[in-house]
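Each chain, letter by letter, is given below.
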Amino acid sequence: MVCLGNICRSPLAEGILKSKLPINQFIIDSAGTGNYHVGDPPDLRSIKVAKKYGVNISNQKGRQFSETDFDTFDYIYVMDDSNYENVIKLARNEQDIQKVRMILNEIYPKQNYNVPDPYTGGIQGFESTFKMLDEACEEIAKKLLK
Ligand code: 4NP
């Protein structure tokens, strides 16, 4: 799960997907394309909204996306166009490129909608981010469990 800062959107996506899958069968992680928040916990507003829906993300630590993530993961879900471009810049071959998907395409196929960055807004933005990611992760979990 990849966003820019790895403190608002992708930590939510990581926590939500983990809550829908057996933890010992999947490696689920998140990262940011930027390095501003490496080592930081998620934004308090993400922690709060997740907690409200029974998901604990408070132990996560920010890290930056790196080329080796293409080797570790089968699927790389990005939140928006700019994350997509930044991740694709690090791809080494066509196989890497094929792993990268816009997360909302799981519920709105081929539309390339962005998960808006809630960082500069209020708590309501984090609520709607949670709902979008919950729907998308439900689809992802269904596919992975098939
Ligand atoms: P995120 O939101 O990409 O959803 O984690 C952001 C958080 C922090 C910054 C940018 C986006 N920042 O520039 O510090």
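Just above, that's the structure.
Here's a quick rundown of the structure.

Here is what the cut-offs are and how they apply
- Residues numbered from 1 in each chain as written.
- Predicted model: local features only at pLDDT ≥ 70, side-chain atom pairs only at ≥ 80, totals over all residues.
- Heavy atoms only, no water.
- Phe/Tyr/Trp six-rings, centres within 6.5 Å; stacked < 30°, edge-to-face > 60°.
- Helix = DSSP H or I, 4+ residues; strand = E, 2+ residues; numbered from the N terminus.
- Salt bridge = Lys/Arg side-chain N within 4 Å of Asp/Glu carboxyl O.
- Buried < 20%, exposed > 50% of the residue type's maximum accessible area, 1.4 Å probe, protein only.
- Contact = heavy atoms within 4.5 Å.
- Near = heavy atom within 4 Å.
- Polar contact = N/O pair within 3.5 Å; in protein donor to acceptor, adjacent residues only side chain to side chain.
- Areas by Shrake-Rupley, 256 points an atom, 1.4 Å probe, with all protein chains shown as cover.

**A look at the packing of aromatic side chains**
What describes a pair of aromatic rings is the distance from one ring centre to the other and the angle between the planes of the rings.
So, point 1. Evaluated as defined, the whole model comprises 4 aromatic pairs.
So, point 2. Residues Tyr53 and Phe130 carry aromatic rings whose centres are separated by 4.6 Å and whose planes lie at 20° to one another, so their mutual orientation is stacked. With a gap of 77 residues between them, Tyr53 in the loop between helix H2 (44–52) and helix H3 (69–72) and Phe130 in helix H6 (residues 123–145) connect regions that are remote in the sequence.

**Overview of the pattern of salt bridges**
So, point 1. Across all of its chains, the model carries 14 salt bridges by this definition.
So, point 2. A salt bridge links Lys20 to Asp134, with the nearest nitrogen and oxygen atoms 3.0 Å apart. A residue pair is termed long-range when its members are at least 10 positions apart, and Lys20 in helix H1 (residues 9–20) and Asp134 in helix H6 qualify at 114 residues.
So, point 3. With relative accessibility at 27%, the residue Asp134 sits in the partly exposed group.
So, point 4. The closest approach of N and O atoms between Arg63 and Asp29, which form a salt bridge, is 3.0 Å. With Arg63 in the loop between H2 and H3 and Asp29 in the loop between H1 and strand E2 (31–32), this residue pair connects regions lying 34 residues apart in the sequence.

**Regarding the environment of Ile28**
So, point 1. If you trace the backbone, Ile28 turns up in the loop between H1 and E2.
So, point 2. On the accessibility criterion, Ile28 (14% relative accessible area) is buried.
So, point 3. In this structure, the C-alpha to C-alpha distance between Ile28 and Lys89, residues 61 residues apart in sequence, is 22 Å.
So, point 4. In this structure, Ile28 is in contact with Glu14, Leu17, Lys18 and Leu21, ignoring residues within four places of it in sequence.

**What about the site of the ligand?**
So, point 1. Residues in close proximity to the ligand include Cys3, Leu4, Gly5, Asn6, Ile7, Cys8, Arg9, Tyr36, His37, Asp117 and Tyr119, which together make up its full environment.
So, point 2. Asn6 is positioned with one of its backbone polar atoms (N or O) 3.2 Å from an oxygen atom of the ligand.
So, point 3. Relative to its unbound accessible area of 350 Å², the ligand is 88% covered by the protein chains.

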